[in-house]
Structure formats: C-alpha cells, structure tokens
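Chain by chain, the residues run as shown.
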Amino acid sequence: MMSSVTEHRYLAERRPSVVERRLSVVQAQAQAQARAQVQAQAQAQAQNQNQNQVQGGVIPSLAGLEEPAMEGTPEKCDVVICGTGLVESVLAAALAWQGSSVLHIDSHPYYGDTCSTLTIDQIKAWVDNVNQHNNGFKGFSDALLYIPRPQDLNSKDYGIDLTPRILFAKSDLLSLLIKSRVYKYLEFQPLSTYHTYENDSFEKLASTKEDIFTDQTLSLTTKRYLMKFMKFVFDYENQKDQWINYSKKPFIQFIQEKFNLAKPQVNELVYSIGLTSTPDILTPAGLSRVKRYLSSFEVYGSFPVMFSKYGGPGEISQGFCRSAAVAGATYKLDTGLVSYDPNSKIAIFTDGSKVHVTEKIICSPSQAPENAKFVPDQPHQITRLIAIVKKSCKEWMTENESGCIIVFPTNSLPTANKYPVQILIQSGGSGICPVGQSVWYLSTIETGNRARKDLETALNKLEESLLRESEEDGFDVSLDEQDVFIRSDGLPVINSVKLGKSFKDFIPKQNIQCLFKLLFTQHSAIPPFGIVRPKLFDHNKKEEDINSTLAAPDHGVVYSNMPSSEISYDGIVTEAKLLYEKIVGDDEDFFEVDFEDDDDEQVMQHPGGVSTGDNGGLGQIDDSSSTAHAGRDSSNEQAIADDGDIEMEFDL
Amino acid sequence: MHGIKRTHLSKDAKLRKLEKDKVKIKTYRSLQDDVLDLKDSLVFDQMALDKTTKLLDLNPEFYTIWNYRRDILINYVLKDKSLEDLKKIISDELLFTMTQLKKFPKCYCIWNHRVWMLSYDKKISNWDIELMTVSKMLDLDSRNFHGWHYRRFIISSMESLIDKDDLYSLVLINLKELSYTSKMINRNISNYSAWHNRSKLVVKLFEQLLNADYTNILQRLEQEKIQNNNNNNIIDEYINNFKLFENLKNFINLEIDLLINAIFTDAEDSSVWVYMRWVLSSKFFYDKLSKDEYLQNLNKMLEKVEELNELEKDDNNGQNNPWCIKTTTLIKELIRKNSNTL
C-alpha cells in the first residue's frame, strides 16, 4: 500500500501556494537566491534581518513553508495533529498561539487533507488512492473520474476543491480570519447571484427589497408577504411568540402557514437563501439560516457571501498553517501516523521518527493509522460531482463576479429528488481554472445510486439551460404583443411563463464540452445541520479504551471529523474550538492573542467596507467594519462620520 | 438619524474628553480671534486664506469665516488671473470642500461654498465631473438631501449652458437624470429625496415637451442609439422613459401602478405615501385630466389602499395601517370634492 503512495511521489507538484503567489515573496525569493550566490557576508545578513523586521511585523512572510522537513521531528511536543484539513489547521494555529508546542503532520505531500485544493494530476492520484482504500484517503469512496481528452487539460491550471465552501460576510470564520490576521494571506471574491431551479428554468433570487420591488413576476400580495417575512427574520429572536409553536415543526410549514407564501418562494427561502440540504429542517434552524443570509448582505457590499480565490478550504487551511508555523508549530508533510502508545506517550511516524507527546494526539479520520480500531463511525454521506466545463457561465453570474450558486430544490428534478442538489460554480476569474472555463461543484446528502442519479440529472439540466441561454437565437417562440409587459418604469419585459414553456421544447444544437468529471462519496460523522456536539470527540478517550488489551495503533487518539455536508464554512470554528477545549481545558484563550497591528495604514481607507477592484477582487478587508451590523441605509452614513477624527463641539 | 443612536459618553469619559479637548479648544479660540481680527481689518492675502483653511478645517459650520474666505478669494486670490490660473484655483477650492464633505457630509456651509465656487464662472466648470462626484456621495448615503439638492443645481447649471432652442439636449439631460433617480428609488424605495427629485423631473419634462416636436426628439434618440452601438442599453432606457411622456394619462396610470407596487412592497414606508399624495392631488396632473379620468384614478387607488389595509389588519390583530387610513381619507375627500363641482 505504501508503494502506491510512493509511486505517486512525483505528484507532489503544486500550484504556487498562497505565499508564493505574492509579489513580495516572489521578489524576496529572487533576492534570497541572489544572496545565496554572494554567500553570506555578515553584513548582508544583518541587513536582511533588519528588512525582515521592517516588512514582516508580526507575521513575516514564510516562503518555503512547504519544505520545512529539514527541521526533523522534535523529541517532545505538547500536541500532535495528523491531517492539515481546515479544522485541524485552525486548531493548530490556535494551540500554537496559545503557547503549546505543536507538531502538525500530514500523510500527503500537500496541505488540506480532506479539503485540499488539488491539480488535475493530484486528483488522478487521489482517485486511485481512494479506490484502493489507501491510508490517508479514508472517509472517501467510490471515486469515478472521466477525462475525455487528457491532452486538453494542463494539470497545473486547475485547483479543484475536494470540499468547496462559501464564506458568509457575517460569520465566525470571517471574524476569526480577521482577528488572526490570516486573511492577509488570502484574497476574497464576492458572490451575489443565487438561482433556484423551477419549472425547467432558473429563477434569479429576489432576496433584497430592491429585487422584490422591481420584480415583475411576483404578485402584489406575494411581494408584501415576502417583505414581511424578511423584516420578521431580521428580528425573529425577539418575536418568539410568532414561531414558538413551530419550534418542533418543519420550517416549510411555518413559512406557508404564517406568511402565506407559495411553493416558489418557499423553495427560494428554504433551499437557496437558507441553503438547507434537507426538506426536514425545523423552524428555528431554518430561521437562523435565512437570517444568516440577510444579515450578511451589505456588510462588505451588496453580496451575501464570498469565496477565497485560487481555491476554498484548501487555501484557507494553508493560511492557518502558516499562522501556526509563525507561532512556532513544526510542520511535516508526507508523514503519517503509524501508531501511538498512550502509556509511554510515544507516537511513531511513517518516516521512522518518533515523538513524545505530553498532551494529546489529534487525528483526522482520513489519516488514521493502518489497522486503526477506534475511528468513529461515519454514517452520513455526501455525494459530490465536480465537472470542468468549457464555458465561462457568465450568463449566470453578476457582472465582474466569478461565481454563483444554483439550487435544485427537493422534487424539482425528473428523478423526484428527495434532497436538494446544491451547486457552486466558479469561473476562470476565481483562479481555479483557465479563463473561458468553469468548475461546477454539485453535491447532495442523498445516498448511493440515487445520489449519483440526482447529480447526473442536475448536471444535464444545467447543461441544457446553459445552451439555451448562451445560444444567440436559440429558441423559436413566436411572441406577440400580449407576451410583453411594459414595466412601470417603461422597460418592456417578456412574459416568462411562455418562455419557460418554450425552454422545455428547446433542443440544443450543440453539446457542452465537459473536460473533466469526478464523482465520489464522502462520509462524515456530522449529520446534515447537526450541531457538532462535544461528545463526538469523546470516542476513544475513555479509560477502558486505553486499558483495553485490544491490539490497536490508535489507543488514546482523539479523532476529529470528516467535513460535513454544510456548503458554507459555518461549524468549522465551533469544531476547532471544541477540540481546543478538550486539550486546553476551556476555549477562553482561543486566539486571544494580541496581534499587533503592524500595518494599520490600509485599514481606514475605504469607509464602509472593502474596495472592489477592477477584477472584482475584494482587496483589503476593513477590519473595523467586520463587526458592523448590516444596518442598511445608514451604515454608510455612519462610516463617513466615523471616518472623521473627532467630533468637536465648541461654544462659539 | 434613521434609527442610529448617538453614542452617549459616560460621565467619566466625558470629563476625560473635556480634559483632552482643553488644549484643542485653546488653539481653536486663539485662531478664531486671529481670523476675526484679520477680517475686521479687511486683510485679503495668502496668510489670511491659509488661516481660514485651518479654522474651517476645525469648524466648518462657521459661516462668517466662509464669507470672509470668499471675500479673500474675490479680492485677492482670483483677481486678475489667467484662465489657467483660475482653473487651478477653482479646482483647489473644490478639493478643499471635498475633503471637508467627506468628514461632514451634511454641513450646509460646505455645500454652499462649493456651489458658489462653481458658479464663479459656469463656463469653466466641469459639470460632468461634478455629477459623477455627487453620485459617489449619494452612493455612500443615498438619502443625503444636500446631495440631491446639489444635483439639481448641477443640472440647472448644465441647462443654462445650452441654447434655449436646443430642446433635444435639454430633454436628454433630464432623461438621464430620471434614469438615475429611478435607479436610486429601485435600490431603496424608502428615500424621500429621490421621490422628490422624481416629482421635480416629471413636471420639468412635461413642461419642456409642451412646445417641443415630440417625434423629432424621439427620432434623434433613435439615431443616437444607432451611433452608440456599444451603449444601447442605457439609450434604450432613455427612449423608454421618453415614451412615458408622450401621453400624460398613460403616465399617470403607470405611476399609479408603480405606487401600488411600492406600498405592497413596504406598507410602512412613509416616503412612498407622501409621493402618492403628490401624484393624487397635484394640480399639475388633474388640471390636464377630465373629471371622469381623474375620478377613475382616484377610485383605483382607493380600492388598492383599502385592500392593503385589510391585509394589514389580518396580520396585525385587526389594527389599521395608519398610512392606509390617512390616504383613504385623503382620496375620499378628493373624490367628494370632484364629484360635487359639476
């Protein structure tokens, strides 16, 4: 089994890491090379140190973090973490900043583990490993890969996420990214378009007051109830009397009965705005998910979510690993756990080295040692279909953006899908594929063959729809005057009912070129919407485990989780905190570090949020507004006022 | 303002602030005395100008100093200057007010000074840039009525530079402005200033078109569209907006639809109800309608408002929506008045 890993050793190829893509680093590397040639004059070194202090501040740039192996394994450490997935990386950084000595290893030659961002060649190797049930790839199964014309794919042009996620503008992970300064290693892009699939067409979401007001297809009473509902959600915690009777009932029932909304709106609210992966969601959970969306609007601009450029959780994991390394954590890639003995507290690794662990050893289920006995059950499934398509899909996106969300609600596909299919689409502008192409990430919590059928059908529907929309005069419907409304502001709008019908009759003249298709199942211990409960991590901690005579290499190992089905980053910080609590005792000093502000100069330049550059990138995130509530109208006014130094009052 | 509370400092913090401010107050007072002395002695020179800059920077609400600054500008800075120099001086002055506006976006004196500076010679001011600047300000706060007022000043300045007979250009400026205003209303219907601007523009456009050759202007717009292949969308919007003004009856019908849409979207937003009151009772409109047509409009609106109030009552334990009640009363009164006087 080891041999197959070594066979793929040449696949340690990487796209340039977060760090390396930075101009300053590229220059610094060039400088470093030049310096090496001149050979260490004492003076030059001193100067170099000075420079580092001036530029680097608290978090110096760490090019070459990926090859830290020279250091070797320390003799002793407080915590060993196996697997550089997002939760584990956040945990490593938190512990390192708290002062624990951390040894963070990964059996792969790249960062990210279960949520890494991979090139095409890395994916190929990954699929082989998953299907051979190799160590380090547990938790994934039944991977199918289809690449019709391998010569058309230049491996390094792609960064495919195993677990793509989106980041709400108001969320705990974003706050943590800002607090820990990890956001400085990353670049975020806005995403404002959500579509809901309905009657064979994609409805763009009417989720703001502006959308509702200008929408020509909604009836007056629907508009009214939608607005009422939105207003209510903003303040639902204080209006318990409205929903207390529904706290054990489905969210869908609540919306229908209390707000008289019909199916299309319910679908939008539950599956798109709420991004729920099951129709059974209860009212309180549903409300909090809708609020999550609404309160994320206008925090940084008129978009609710963002994603990180060049790849999602894989990039963010790397960011936290860098932060951990800055705080003193030791990194070893390409190194897996062989065994741990809770009595001698010695952990042995695949490279033959060993370490004495004074506190705890945490391990991702995917990287459990060979013949592990205590890996928690992973009863829940997420099936993912990832496709690379030779179309930019800009038809579905807001101008200057490179991503969109599409949702197929429950029972909207010919397969009568029981669970919704959630889709994140990212185009070349997001840095994960060449311009003119896009990556489609489809997922569902349906299981087995049904899941695969649902995903394939959704993929077909997407293709059909894309063809219709990108074809110049793709369909042939005779529209007469009655089909055209004149909006009250004078714009003519074509009656969409008739168009919707014609869509069904439309037969595409061409096919979409699919360059890559990957289908796999991922297993998880976290139920959909399940809140991560502390007891999840209690597995294997009990005394009887330690004392049990069962021969196992993982006595006393605390297992973390496989990623959940949640499409956003929600839950990651909670999970990391729970693990942190297990090790430290409480979570009070979780990232409670005084990260000195070395470069405040950028911070207040853009009152009211982030500047949107020409490329649609977000540039610097304004620290101070991260906590600002999405007070719609007046937040900007406030921002201007805040920008002024001091308000002075004088008696004149 | 708009539900945002002023922060109140604790007693302790207040004292500390007062202590800290003492020095500042002292510098400010002496600077103020200085400038007022200079003003009384009619000193108009660079040193005096610089001092007003400093003082206004600290306190932009001090209108006497703004007046003095203008005296300095007229009697010294702008005096006997070449065109190039003038342009430079004006742009410096605009820059100064802009940094001030960023800090105090709702200070009358600053806006006023900007208007004065631009009016110094309307021909050399760049009005397109002004329009863009104020649009940026309104992006930051779409309800800053100073900004909206300033827009109307810019538009009328632009109009004043156009030949009175060039109706096409005059109409086009206002069509553009109408598009902008509609965009802002769509973005947030809760905006008195935008609705008010709409009312101003509507009347203005109807009046401009009163003596104009409607078809001729439409043809020129169409030509413009052909010439501007890249920018078809926006010109289409102007054309569609322009078509609204062909027929006043039609316009009012669409305006009523727009209003119904708005009150059903948000029944609690007062700015829409206020605009509705204007549409329903403005002499400008009903003078041009027959009695029957007018009554028809009123009844249509009445029916919708009553329907809305019923829905509101269902949702709010039988409580009426005050705006519905007020408006129902208004419409009933208008109907009564117009049915009596035959």
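Basis of the calculations
- Position labels on residues start from 1 in each chain and follow its written sequence.
- Ligands are numbered from 1 and chains lettered from A, in the order in which they are written.
- Note on the predicted model: pLDDT of at least 70 is required for a residue's local features to be given, and 80 or more for side-chain atom pairs to be given and counted; whole-chain, interface and lining totals, by contrast, use all residues.
- Remark: hydrogens and water are excluded; side-chain values derive from all non-hydrogen atoms of the structure.
- Strands are runs of DSSP state E lasting at least 2 residues, helices are runs of H or I lasting at least 4, and numbering of each runs from the N terminus.
- We compute the radius of gyration from the C-alpha atoms alone; for a globule the expected value is 2.2 Å times N to the 0.38, where N is the number of residues.
- The protein chains shown are the only cover counted for residues, whose accessible areas, like all others here, come from Shrake-Rupley with a 1.4 Å probe.
- Neither His nor the chain ends contribute to the count of charged residues, in which Lys and Arg are positive and Asp and Glu negative.
- Just so you know, the charge point we use is NZ for Lys, CZ for Arg, CG for Asp and CD for Glu.
- Put simply, a nonpolar core is a bunch of buried Ala, Val, Leu, Ile, Met, Phe, Trp, Tyr and Cys residues held in one set by side-chain atoms that sit within 4.5 Å of each other.
- When a residue's accessible area, from a 1.4 Å probe over protein chains only, is under 20% of the maximum for its type it is buried; when over 50% it is exposed; and in between it is partly exposed.
- Domain segmentation is taken from an automatic or database assignment of domains.
- Contact criterion: two residues are considered in contact whenever any of their non-hydrogen atoms come within 4.5 Å of each other.
- Two parts placed together each lose some accessible area under a 1.4 Å probe, and adding up what both lose gives the buried area.
- The term salt bridge refers to a pairing of a side-chain nitrogen on Lys or Arg with a carboxyl oxygen on Asp or Glu at a separation within 4 Å.
- We call two N or O atoms a polar contact when they sit within 3.5 Å, provided that within protein one can donate a hydrogen and the other can accept it, with sequence-adjacent residues counted only if both atoms are side-chain atoms.
- Each axis is a line fitted through C-alpha atoms, and for a helix only the stretch in contact is used; angles between axes span 0 to 180 degrees, taken between their N-to-C directions.
- Each angle gets one of four labels, with under 35 degrees taken as roughly parallel, over 145 as roughly antiparallel, 65 to 115 as roughly perpendicular, and the rest as oblique.
- For this classification, Asp, Glu, Lys and Arg are treated as charged, while Ala, Val, Leu, Ile, Met, Phe, Trp, Tyr, Cys and Pro are nonpolar and the rest, including Gly, are polar.
- For every residue, the predictor assigns a confidence score, pLDDT, that lies between 0 and 100.
- Only protein atoms enter the 1 Å grid used here, on which a cavity is any set of points holding a 1.4 Å probe that cannot leave and a pocket is any open set flanked by protein within 12 Å on both sides along at least five of seven lines; residues with an atom within 4 Å of a point are listed as lining.
- Grid points are joined across faces, edges and corners, and a volume is the space filled by probe spheres set on the points.
- Here, strands pair whenever DSSP counts at least two bridges between them.
- Stacked, tilted and edge-to-face are the three classes assigned to paired rings of Phe, Tyr and Trp, where Trp is represented by its six-membered ring and a pair needs centres within 6.5 Å; plane angles under 30 degrees give stacked, over 60 edge-to-face, the rest tilted.
- In this scheme, Lys NZ or Arg CZ marks a charge over a ring once it lies within 6 Å of the ring centre and within 35 degrees of the ring normal.
- A helix is expected to span 1.5 Å for every residue after the first.

Take the overall build of chain B next. Secondary structure summary: chain B contains 16 helices and 0 strands in total. Against the globule reference of 20 Å for 342 residues, chain B gives a C-alpha radius of gyration of 26 Å, more extended than a compact globule. A principal-axis box enclosing the C-alpha atoms of chain B has dimensions of 70 × 60 × 45 Å. When the accessible surface of chain B is split by element, carbon and sulfur atoms take 52% of a total near 18,300 Å². Computing the positive centroid from 52 side-chain charges and the negative centroid from 50, chain B places the two 6 Å apart.

Soluble globular proteins tend to bury their nonpolar side chains together. Within the largest apolar cluster, 131 residues are counted, with the highest numbers of intra-cluster contacts made by Trp126, Phe229, Phe254 and Phe516 of chain A together with Met301 of chain B. With 11 residues, helix H12 (residues 248-265) of chain B is the largest single contributor of residues to this core. Residue assignment places this core across two domains, with domain 1 (141-200 + 381-472 + 482-524) and domain 2 (208-295) of chain A each supplying three or more.

What follows deals with the domain arrangement of chain A. All names here are of chain A. When cut into domains, chain A gives domain 1 (141-200 + 381-472 + 482-524) and domain 2 (208-295). Taken residue by residue, the interface counts 19 residues in domain 1 and 18 residues in domain 2. Approximately 1,600 Å² of surface area, both sides summed, lies buried where domain 1 meets domain 2, with 64% of it carried by carbon and sulfur atoms. Remark: the boundary between domain 1 and domain 2 carries 0 salt bridges. Summed over the shared surface of domain 1 and domain 2, the number is 4 residue pairs in polar contact (both at pLDDT 80 or more). The set of elements that each furnish at least two residues to the side of domain 1 that touches domain 2 consists of strand E8 (194-198) and strand E16 (403-408).

All names here are of chain A. Where helix H9 (residues 220-234) contacts helix H13 (residues 283-296), the axes come no closer than 9 Å and their chain directions differ by 95 degrees. Overall, the two elements H9 and H13 adopt an arrangement that is roughly perpendicular. Touching Phe229, Met230, Phe232, Val233 and Phe234 of H9 are Leu287, Val290, Lys291, Leu294 and Ser295, all from H13. Split by residue class, the contact of H9 with H13 holds 8 nonpolar, 1 polar and 1 charged.

Here we take up the confidence of the model for chain A. Interpreting fine coordinate detail is not advised for predicted regions of low pLDDT. Residue and element names in this part refer to chain A. Averaged over every residue, the pLDDT of chain A is 77; the share at 70 or more is 70%. Contacts of residues 1-14 to residues separated by more than four positions or lying in other chains number 27 contacts, the stretch itself having pLDDT below 50. In the predicted structure, residues 66-70 sits below a pLDDT of 50 and forms 8 contacts with residues beyond four places in sequence or in another chain.

Turning next to empty space enclosed by the protein. Residue and element names in this part refer to chain A. Taken as a whole, this structure holds 7 cavities of 30 Å³ or more when the rule is applied. Each pocket or cavity is described by its volume, and for the second largest cavity that value is around 70 Å³. Lining the second largest cavity, in full, are Pro164, Arg384, Ile386, Gln422, Ile423, Leu424, Tyr441, Leu442, Ser443 and Ile567. Where the lining of the second largest cavity is concerned, the elements lending two or more residues are strand E15 (380-389), strand E17 (421-427) and strand E18 (438-444). Broken down by class, the residue content of the lining of the second largest cavity amounts to 7 nonpolar, 2 polar and 1 charged.

Okay, the sheet that holds E17 of chain A next. In any sheet, the strands associate via hydrogen bonds between backbone groups, in a parallel or an antiparallel arrangement. Residue and element names in this part refer to chain A. Spatially, E4-E21-E15-E18-E17-E16-E8-E9 is the arrangement adopted by the 8 strands of the open sheet, whose pairing is mixed. The open sheet has two free edges, formed respectively by strand E4 (140-146) and strand E9 (201-204), since each of these has just one partner strand. Pairwise comparison of adjacent strand axes, ignoring direction, gives a mean angle of 20 degrees for this sheet. Looking at chain direction, E4 and strand E21 (residues 514-524) are connected through 5 bridges and run antiparallel. Bridge pairing in E21 places leucine 145 opposite leucine 518. Contacts between helix H12 (residues 263-273) and the sheet are confined to E8, E9 and E16, with E8 contributing the most and set at about 135 degrees to the helix.

Below, the discussion takes up the sheet that holds strand E10 (residues 305-308) of chain A. One open sheet accounts for 3 strands, arranged E6-E10-E7 (chain A); its pairing is antiparallel. Looking at strand neighbours, the two that pair on one side only are strand E6 (167-168) and strand E7 (188-191) of chain A, the edges of this open sheet.

Moving on, we come to the side chain of serine 192 of chain A. Residues and elements named next belong to chain A. Within the secondary structure, serine 192 sits in the loop between E7 and E8. For serine 192, the side chain forms a polar contact with the side chain of threonine 398, separated by 3.1 Å. Side-chain polar atoms of serine 192 contact the side chain of glutamate 401, separated by 2.7 Å. The contacts of serine 192, once residues within four sequence positions are left out, are Ser302, Phe303, Pro304, Thr398 and Glu401.

To continue, consider the pattern of salt bridges. Residues and elements named next belong to chain B. Evaluated as defined, the whole model comprises 39 salt bridges over all chains. A salt bridge links aspartate 21 to lysine 24, with the shortest nitrogen-to-oxygen separation between them at 4.0 Å. One end of the pair, aspartate 21, and the other, lysine 24, are both in helix H1 (residues 11-40), 3 residues apart, so they sit about a helical turn from each other. Its relative accessible area of 11% is what places aspartate 21 among the buried residues.

This paragraph deals with the packing of aromatic side chains. Under the counting rule described, the total for this entry stands at 38 aromatic pairs over all chains. For the pair phenylalanine 229 of chain A and phenylalanine 232 of chain A, a centre-to-centre distance of 6.4 Å together with 45 degrees between the ring planes defines the contact as tilted. Residue phenylalanine 229 of chain A and its partner phenylalanine 232 of chain A are both found in helix H9; the two are separated by 3 residues, about one turn of the helix. What links up through ring pairs into an aromatic cluster is the set Trp195, Phe206, Phe245, Phe251, Tyr275, Trp278, Phe284 and Phe285 of chain B. Across the ring face of tyrosine 225 of chain A, the terminal group of arginine 224 of chain A is positioned such that the distance to the ring centre comes to 5.3 Å.

Residues and elements named next belong to chain B. Averaged over all residues, the pLDDT of chain B equals 90, while 96% of them reach at least 70. Within chain B, helix H11 (residues 232-244) has the poorest average pLDDT of any element, 85, and helix H7 (residues 145-160) the best, 95. With pTM at 0.74, the complex prediction returns an ipTM value of 0.76.

What follows is about H13 of chain A. Residues and elements named next belong to chain A. A rise of 1.5 Å per residue sets the reference length of H13, with its 14 residues, at 20 Å; its end C-alpha atoms lie 20 Å apart and thus fit the reference within 8%. Within H13 the residues assigned to the buried category are Thr283, Gly286, Leu287, Arg289, Val290, Lys291, Arg292, Tyr293, Leu294, Ser295 and Ser296. Where the residues of H13 are buried, they touch E6, E8, H9, helix H10 (240-243), helix H11 (251-259) and H12. Phi turns positive one or two residues past the end of H13, at glutamate 298, with a value near 65 degrees.

Moving on to helix H7 (residues 172-179) of chain A. All names here are of chain A. The set of residues buried in H7 consists of Leu173, Leu174, Leu176, Leu177 and Ile178. Taken together, the buried residues of H7 touch helix H5 (86-98), E6, E7, E10, helix H14 (313-326) and helix H18 (572-584). Where H7 ends, the next residue or the one after it, arginine 181, has phi of about 65 degrees, a positive value.

The subject of this paragraph is the pairing of E9 of chain A. Residues and elements named next belong to chain A. Summarising the sheet, E8 and E9 pair through 4 bridges and their orientation is antiparallel. Its bridge partner lying in E9, glutamate 198 is registered against serine 201. What sits between E8 and E9 in their antiparallel hairpin is a turn of 2 residues, with asparagine 199 showing a positive phi close to 45 degrees.

Attention now moves to the pairing of E7 of chain A. Residue and element names in this part refer to chain A. Side-chain alternation along E7 places Phe188 and Pro190 on one buried face and Gln189 and Leu191 on a second face that is also buried. As judged from the 4 bridges shared by E7 and E10, these two strands associate in the antiparallel manner. Each residue of the ladder has a partner; that of leucine 191, found in E10, is valine 305.

This paragraph deals with the environment of leucine 38 of chain B. All names here are of chain B. Looking at the secondary structure, you find leucine 38 in helix H1. A relative accessible area of 13% places leucine 38 in the buried class. Linking leucine 38 and alanine 48, residues 10 residues apart in sequence, is a C-alpha distance of 6.9 Å. In contact with leucine 38, other than residues within four places in its own chain, are Val43, Met47, Ala48, Lys51 and Tyr68.

Attention now moves to the side chain of glutamine 422 of chain A. One can find glutamine 422 of chain A in strand E17. Here glutamine 422 of chain A is in contact with Leu275, Thr276, Ser277, Ile406, Tyr441, Leu442, Ser443, Ser565 and Ile567 of chain A, once residues within four sequence places are set aside.

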